[in-house]
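Each chain, written out:
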Amino acid sequence: MANLKSLAKDTAIYGLSSIVARFINFLLVPIQTARFAASGGEYGVITNVYAYVSILIILLTFGMETTFFRFMSKDGENPERIYSTTLRIVATTSLLSIVLVLCLLHPIASAMGYADHPEYVGVMYVTVAIDAFMAIPFAYLRYQHRPVKFATLKIINILLNITLNLLYLIVLPSLKLNPFGIYDDQFTLDVAFVFYINLVCTLFSLVLLWKELRGFRFGFDGGACRRMLSYTWPLLVMGVAGQLNQAASQILFPYFYDGSAEDARVQLGIYGACIKIAMIMVMITQAFRFAYEPFVFGKSKDKDNRDTYAQAMKFYVIFTLLAFLCVMGYIHVLKYIIGSDYWEGLRVVPIVMAAEIMFGVFFNLSFWYKLTDRTIWGAWFSGLGALVLIMVDVLFIPRFSYMACAWAGLAAYAVSMLVSYAVGQRYYPIRYPLGQIAFYVVVALVLFAGMTVANRQLPMWGALAVNTLLILLFLAVIIRRDMPLSALPVIGKYFRQKE
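Chemist: Explanation requested: the overall build of the protein chain in the structure shown.
Modeler: If you tally the helices and strands in the protein chain, you get 20 helices and zero strands. Going through the 499 residues of the protein chain one by one, you find that 49% of them count as buried. A fraction of 80% describes how many contacts in the protein chain between residues 6 or more apart in sequence connect residues 24 or more apart. Carbon and sulfur atoms make up 66% of the accessible area of the protein chain, which amounts to about 23,900 Å² in all.

Right, here's the structure in full:
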């Protein structure tokens, strides 16, 4: 019982801190889009560069976090030596890669389209290499069951990032203060400072991990190193394939856009800013994942586990559809998160949110191969999705610009989801309530159509009023069919008494 309480506490802290961190990091969007106009293309640079970062962090950690946990708990392994060996492996690969990239900085920057600004690439790569190395001491904190320090350091990093962005992008230019001579006469600031700020925050976090870095003194185990590298490479393949579904469009866009490089950055910036609104769905999915993973593995031996998974899937779809309707119903308000000159890209929001719902369904379906030890299927499904996404991007970006990126993500997750369901029903059949799920999808689509008409035909307050009624209607359907008020905590007591 004590172990279960500890697990519940740690899960709550990790989950809450992750959601809070994502939300705080979300505040960078209004700051940066307020400072950098869409026409300048600076936010397109940020979108493009951080798409590379999301792939590089997978490559540079190459599955060593999961490998670290596996070998720390393995019989016959010395935990201190495993930790030290892992630190040395990742530190070595990160340092060597930094040296290599800096030596080849100009050709790499030219290939990425930043020949005139190689500092974008250099600063970005040094930052991501340090972040990759820090993943191991952060994993060590999790191993030691120290979620409070883990969460605190993560949130401190993001708060510092927000503060410095606010100071240098908004406050100092507004006050016409130029203490370090970094602004020109018009108080414009190169987008490179966004990357410099990120590097400063990363170095600060590294200093705060100095106690965990003392693990280097435990020495290096060559045999363990070989065993760990043999274990980790499939994780690398699966991780890269999965992340490509998230980032490939932002990387490919400048290469296939039918226009100038400057215009490509402008269009990519509009897309990158608008999909941040859809990240609300990502936060909901993340919260669900933190609660659902320990739940699924904890229920794996119960007789009714498959029925439970089926019901969990239904309620996941219901509440993500509700979130979808809330975002689309109040898009007139939420759009103020980003600068007004980015609003032309808001049409991607419903598509990207629908893609995120499908990703959540795909995540739910993934447990059949995790519970049956057929994890190789995960790599196949993610790889297939990445292939679909890349094909759609390559074929349609020249004609449809960033709209192709939004539809590519939807197509990729739809294919991964459907194939995973089909194969899963063969190896681990679950009777999902497809009819009930389809009912809610159809209702949500009809209500979304109504919201679309209201948003286009009515003034802002009229549209908000109509959309609120439509959201309440969806809630009424949920309560009527699947969640009677008498079953709810706290208020349920009142309704049970009335009955």
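Chemist: Whenever I open this one, helix α14 (residues 349–365) confuses me. Can you help?
Modeler: Think of an α-helix as turning once every 3.6 residues; residues three or four places apart then point the same way. Under the 1.5 Å per step criterion, the end-to-end length of α14 is 24 Å for 17 residues, consistent within 8% with the ideal 24 Å. For α14, the tally of buried residues reaches 15 of 17 residues, placing the bulk of the element in the interior.

Chemist: What exactly am I supposed to notice about helix α6 (residues 105–112) here?
Modeler: Turning to α6, its buried residues number three or more, namely Leu105, Ala109 and Met112. Looking straight down α6, one finds that the buried residues subtend no more than 60° of arc, so they occupy a single side. Across from the buried face of α6, at angles greater than 90 degrees, the exposed residues are His106 and Pro107. Positive backbone phi, at 90°, marks Gly113, one or two positions downstream of α6.

Chemist: Please explain the layout of surface pockets as it appears in this structure.
Modeler: Left-over empty space is what a probe sized like a water molecule reveals as it rolls over the atoms. Taken as a whole, the second largest pocket holds about 680 Å³ of empty space. Around the second largest pocket, the lining comprises 25 residues; the ones closest to its centre are Ala354, Ile357, Met358, Met417 and Val441. Among the elements of the structure, α12 (305–329), α14, α17 (402–427) and α18 (434–457) are those that each provide at least two residues to the lining of the second largest pocket. A per-class count over the lining of the second largest pocket returns 24 nonpolar, no polar and one charged.

Chemist: Would you mind showing me how to read the packing of helix α5 (residues 79–103) against helix α7 (residues 118–143) here?
Modeler: Helix-helix packing: each pair is described by the crossing angle between the helix axes and the interaxial distance. Running from N to C, α5 and α7 cross one another at 175°; their axes reach a closest spacing of 9 Å. Classed by the angle they form, the pair α5 and α7 counts as roughly antiparallel. Across the interface between the two elements, Pro79, Tyr83, Thr86, Leu87, Val90, Ala91, Ser94, Ser97, Ile98, Val101 and Leu102 from α5 touch Gly122, Tyr125, Val126, Ala129, Ala132, Phe133, Ile136, Pro137, Tyr140 and Tyr143 from α7. Considered class by class, the residues forming the contact of α5 with α7 number 17 nonpolar, four polar and no charged.

Chemist: Help me understand the environment of Met451 in this model?
Modeler: Position of Met451 relative to the elements: it lies in helix α18. You can call Met451 buried: its relative accessible area is 0%. Each C-alpha atom of the pair Met451 and Thr468 lies 9.4 Å from the other, and the pair is 17 residues apart in sequence. Excluding residues that lie within four positions of it along the chain, Met451 makes contacts with Leu325, Met328, Gly329, Asn467, Leu470 and Ile471.

Parameters at a glance
- Residues numbered from 1 in each chain as written.
- Predicted model: local features only at pLDDT ≥ 70, side-chain atom pairs only at ≥ 80, totals over all residues.
- Heavy atoms only, no water.
- Helix = DSSP H or I, 4+ residues; strand = E, 2+ residues; numbered from the N terminus.
- Buried < 20%, exposed > 50% of the residue type's maximum accessible area, 1.4 Å probe, protein only.
- Contact = heavy atoms within 4.5 Å.
- Areas by Shrake-Rupley, 256 points an atom, 1.4 Å probe, with all protein chains shown as cover.
- Expected span 1.5 Å × (residues − 1).
- Arc of directions from axis to C-beta.
- 1 Å grid on protein atoms, 1.4 Å probe; cavity = no way out; pocket = protein on both sides within 12 Å on 5 of 7 lines; lining within 4 Å.
- Points joined across faces, edges and corners; volume = space filled by probe spheres on them.
- Nonpolar A, V, L, I, M, F, W, Y, C, P; charged D, E, K, R; others polar.
- Axes fitted to C-alpha atoms, helices over the stretch in contact; angles between N-to-C directions.
- Parallel < 35°, antiparallel > 145°, perpendicular 65-115°, else oblique.

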